[in-house]
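# What the coordinates show
Each chain, letter by letter, is given below.
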Amino acid sequence: KEVDVTLETRGDGPGEFRCVIFRTDREYGKEPLTMPNEMEVDIQPVKIMAYPNNTYHLTINIETSDGLAAGEYWLRFERTFEKVFTSTGWIKVTAK
């Protein structure tokens, strides 16, 4: 699965925009857990220098293999735009 993330800077910037994603035990969880070997998650690019009045696109890639135990897995997604904002979201991955 791919999840697209868009940053529209409008008049903000320049500044570094960074993304971090890790597994948690539940929605709104804060503590990072080890990612199962059967799940790979990455963001491309992880950080960019963002300038005013531009649009940037990032992609979160989530890959799983057949050995992943059935159940729900929560991923915490943190975005930081230097001196502008910090936000957090959660992605639920359901393995059947």
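Residues numbered from 1 in each chain as written. Predicted model: local features only at pLDDT ≥ 70, side-chain atom pairs only at ≥ 80, totals over all residues. Heavy atoms only, no water.

### Observations regarding the overall build of the protein
How we decide: Secondary structure elements follow DSSP: runs of H or I of four or more residues count as helices, runs of E of two or more count as strands, with numbering from the N terminus. A 1.4 Å probe rolled over the protein chains alone gives each residue an accessible area, and that area as a share of the maximum for its type sets the label: buried under 20%, exposed over 50%, partly exposed in between. Working rule for contacts: check all heavy atoms of both residues, and any pair within 4.5 Å makes them a contact.
From N to C terminus, the protein includes 0 helices and 7 strands. Summarising its shape, the C-alpha atoms of the protein cover approximately 45 × 20 × 15 Å along the three principal directions. Here the protein, with 96 residues, has 34% of them falling under the buried criterion. In the protein, 66% of the contacts between residues at least 6 apart in sequence involve partners at least 24 apart.

### What about a negative patch on the surface?
Applicable threshold: Each patch groups residues whose relative accessible area exceeds 30% and which form no salt bridge, using 9 Å between like charges and 5 Å between nonpolar side chains of Val, Leu, Ile, Met, Phe, Trp and Tyr. Residue-level accessible areas treat just the shown protein chains as cover; the underlying method is Shrake-Rupley with a 1.4 Å probe. Salt bridges are defined by distance alone: a side-chain nitrogen of Lys or Arg within 4 Å of a carboxyl oxygen of Asp or Glu. Counted as positive: Lys and Arg. Counted as negative: Asp and Glu, with His and the chain ends omitted from the count. Where a charge lies is defined by one atom per residue type, namely NZ (Lys), CZ (Arg), CG (Asp) and CD (Glu).
Where like charges cluster on the molecular surface, the negative patch consists of Glu2, Asp4, Glu40, Asp42 and Glu63. Mapped by element, the contributors of at least two residues to the negative patch are strand E1 (2-8) and strand E3 (39-44). By secondary structure assignment, the location of Asp4 is in strand E1.

### Here's the deal with the pattern of salt bridges
Per the stated rule, a full pass over the model turns up 5 salt bridges. Taking the shortest distance from any N to any O, the salt bridge between Lys47 and Glu16 comes out at 3.9 Å. Of this pair, Lys47 sits in strand E4 (residues 47-50) while Glu16 sits in strand E2 (residues 15-24), placing them 31 residues apart in sequence. With a relative accessible area of 25%, Glu16 lands in the partly exposed category. Here Arg26 and Asp25 are joined by a salt bridge, their closest N and O atoms 2.8 Å apart. Within the structure, one salt-bridge network assembled from shared partners comprises Glu16, Arg18 and Lys47.

Read these as geometric descriptors, not functional statements.
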